Amino acid sequence: MAVPVAFFALFFAYPVTAIVGRGFRTGDGWRFGRIGEVLGRPDIRDVLWFTTWQALASTALTLLIALPGAYVFARFAFPGKQVLRAVVTVPFVLPTVVVGTAFLAVLGRGGLLDELWGVRLDTTVWAILLAHVFFNYAVVVRTVGGLWSQLDPRQEEAARVLGAGRFAAFRRVTLPALVPAVAAAALMVFLFTFTSFGVVQILGGPAYSTLEVEVYRQTAQLLDLPTAAVLTLVQFTAVGAILAVHAVTVRRRERALKLVDPAQTSRRPRGAGQWALLGGVLLTALLLILLPLGVLVERSLDGPGGYGFGYYRALQSAGSGATSTFLVPPLEAVGNSLRYALVATLIALVVGGLAAAALTRRAGRLVRGFDALLMLPLGVSAVTVGFGFLITLDKPPFDLRTSWILVPLAQALVGVPFVVRTMLPVLRAVDERLREAAAVLGASPLRAWREVDLPLVRRAVLVAAGFAFAVSLGEFGATVFIARPDTPTLPVAVARLLGRSGELNYGQAMALSTILMLVCAVSLLLLERIRTDRSGEF
């Protein structure tokens, strides 16, 4: 636990505590009475209520739509499965400003629904909920599907032979085994929607505001740091309470499982019902994911003189409509993002892997509490983290404001929870008797980990690496404050282009977003091939 504790203490607890402390500290001392003053305001209570119920609704809707997809990816073999698995993960890395614009083109004034049926959903809560499902569909599919594909289907088949119906066998055999993974996925979705910023700001309009949006508004627009500090503290407390309840609830349902090679559980659909389920999942992916992404690609090619690659060619020059915004050609952001994401992924795997291994031992309250603390970066305002980095990591021996490593460190903060939540259910499902047998035969703890745990969790490690890499590519909230002007990341470059008027800037933003989408899709597809090629070693 030493490395994860030190990492989170220095790069999370210290910056967040410092920025919140500035909001409560005055020339006369500390003023904690501001908490009651802020929470007593009717507008703040409305923000708290909307933040909570939209997160619950988004989580429920995501589980309802994505769990059938998790089953299809875990149990069915069909042509294009690896490509489709990579495609459904792409939305997870796209900047929220880009996704909001794409959804406006589908749901807003003059959008596809408006042209076909005269229906508009922008500035409604339905647009927000659909966009949240779009973002988090892959979280459920990959987190739940990863464990589901390793569950031995013969246990459910045995229950059916003994007289249980299909639903009863699933409810009594498979569902209890999936509860930890489903709870982990639901928790991640809830945290992301609870702290939603770009989606609500773009699609909800001024009528809707989450805590994250209100923190940004109080900080950047009203310069009211005390109110922002109170809201950050409320968000931090709420997320901590949720994580504590989750840790206790899930731990009671965990048990050792018989894990098998995923290749043994995947087969072609049989019967009309299974083919209909596969068709429904493919149709959902087409309408929910591919349609907005298709709009994104179409806008990147639709130039003033017709369809072509004019916007892409303009990305090669820093002076093409972005002279005062970029010191380098915007296209260099691709290389910057890949380098940052690779380093952030390595950091997240080391820190998250050590944390997951420690949590597997279930030794004492300290370790159990650390399970919940690891998720806090997902529930704290990225604006707070970014500002905290700037005002705390500015003195020796941690003067990192001018160092390139600052960006990967911020990205790894968000990647570590995904590594832990992906690896932990599988690690805890490994039968402890296998480790004990290895110890009896003379294996050291390190060798027992290498010979027993690692072969079983290699698939989860690769899934975790994919999540960490994807999250690092798309991280925006904290990176926008610490990325240097001469080394912007892809999301920062897109946001800068969208923040400037002009058709050329908008087209370049769409082109750069399409490049980000393609880079992510290719990276995830390569990961799928590596994972499949090595699956025979399990």
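Conventions and cut-offs
- Residues numbered from 1 in each chain as written.
- Predicted model: local features only at pLDDT ≥ 70, side-chain atom pairs only at ≥ 80, totals over all residues.
- Heavy atoms only, no water.
- Helix = DSSP H or I, 4+ residues; strand = E, 2+ residues; numbered from the N terminus.
- Buried < 20%, exposed > 50% of the residue type's maximum accessible area, 1.4 Å probe, protein only.
- Contact = heavy atoms within 4.5 Å.
- Areas by Shrake-Rupley, 256 points an atom, 1.4 Å probe, with all protein chains shown as cover.
- Salt bridge = Lys/Arg side-chain N within 4 Å of Asp/Glu carboxyl O.
- Core = buried A, V, L, I, M, F, W, Y, C linked by side-chain atoms within 4.5 Å.
- Expected span 1.5 Å × (residues − 1).
- Axes fitted to C-alpha atoms, helices over the stretch in contact; angles between N-to-C directions.
- Parallel < 35°, antiparallel > 145°, perpendicular 65-115°, else oblique.
- Left-handed = near helix turned anticlockwise from the far one by under 90°.
- Nonpolar A, V, L, I, M, F, W, Y, C, P; charged D, E, K, R; others polar.
- 1 Å grid on protein atoms, 1.4 Å probe; cavity = no way out; pocket = protein on both sides within 12 Å on 5 of 7 lines; lining within 4 Å.
- Points joined across faces, edges and corners; volume = space filled by probe spheres on them.

### As for the overall build of the chain
Reasoning step 1: Each helix and strand in the chain was counted, giving 24 helices and four strands.
Reasoning step 2: The buried share among the 538 residues of the chain stands at 54%.
Reasoning step 3: Within the chain, counting contacts between residues at least 6 apart in sequence, those at least 24 apart form 79% of the total.
Reasoning step 4: Only carbon and sulfur atoms are counted for the fraction: they give 64% of the accessible area of the chain, which is about 22,700 Å².

### Some remarks on the side chain of threonine 59
Reasoning step 1: On the secondary structure map, threonine 59 appears in helix H3 (residues 42-75).
Reasoning step 2: Overall, threonine 59 belongs to the buried group, its relative accessible area being 9%.
Reasoning step 3: If near-sequence neighbours (up to four positions away) are discounted, threonine 59 is found in contact with Ala186, Val189, Phe190 and Thr193.

### Overview of the pattern of salt bridges
Reasoning step 1: Enumeration over the complete set of coordinates arrives at two salt bridges.
Reasoning step 2: In this structure, arginine 41 engages aspartate 43 in a salt bridge whose closest nitrogen and oxygen atoms are separated by 3.1 Å.
Reasoning step 3: We classify arginine 41 as partly exposed; its relative accessible area is 27%.
Reasoning step 4: Where glutamate 451 meets arginine 450, a salt bridge forms, and the shortest distance between an N and an O atom there is 3.7 Å.
Reasoning step 5: Assessed through its relative accessible area of 47%, glutamate 451 is described here as partly exposed.

### What about the nonpolar core?
Reasoning step 1: If you look at the biggest cluster of nonpolar residues, it comprises 152 residues, and the most contacted ones within it are Phe7 and Phe389.
Reasoning step 2: In this structure, phenylalanine 389 is in contact with Phe11, Pro15, Leu406, Ala410, Leu413 and Ile482, ignoring residues within four places of it in sequence.
Reasoning step 3: Listed in part, the five residues of the second largest apolar core include Val430, Ala438, Ala448 and Val452.

### Section: helix H9 (residues 166-194)
Owing to its 3.6 residues per turn, the α-helix brings residues three or four apart onto one side.
Reasoning step 1: Helix length check: H9 (29 residues) gives 35 Å between terminal C-alpha atoms against 42 Å at 1.5 Å per residue, more than 12% under.
Reasoning step 2: In terms of burial, H9 is a largely internal element, 21 of the 29 residues being buried.

### Re the packing of helix H16 (residues 332-360) against helix H19 (residues 406-429)
Reasoning step 1: As a packed pair, H16 and H19 sit with axes 6 Å apart at the nearest point and diverge in direction by 40°. With respect to H19, the element H16 is oriented oblique. In this structure, the crossing between H16 and H19 has a hand that is right-handed.
Reasoning step 2: Considering only residue class, the contact of H16 with H19 consists of 22 nonpolar, five polar and one charged.

### Focus on the side chain of serine 209
Reasoning step 1: Tracing the chain through its elements places serine 209 in the loop between helix H10 (198-204) and helix H11 (211-221).
Reasoning step 2: Here serine 209 is in contact with Val47, Phe50, Thr51, Val200 and Glu214, once residues within four sequence places are set aside.

### Remarks on empty space enclosed by the protein
Gaps between atoms show up when a probe of the same size as a water molecule is rolled over them.
Reasoning step 1: All told, the structure shown has seven cavities of 30 Å³ or more when counted by the stated rule.
Reasoning step 2: One number sums up the size of the largest cavity: a volume of about 100 Å³.
Reasoning step 3: Lining the largest cavity are 13 residues, and of these Thr143, Gly146, Leu147, Thr422 and Val426 sit closest to its centre.
Reasoning step 4: At the level of secondary structure, the elements contributing two or more residues to the lining of the largest cavity comprise helix H7 (125-148), H19 and helix H21 (445-474).
Reasoning step 5: Tallied by class, residues from the lining of the largest cavity come to six nonpolar, four polar and three charged.

It is worth stressing that arrangement in space is one thing and function is another; only the former is reported here.
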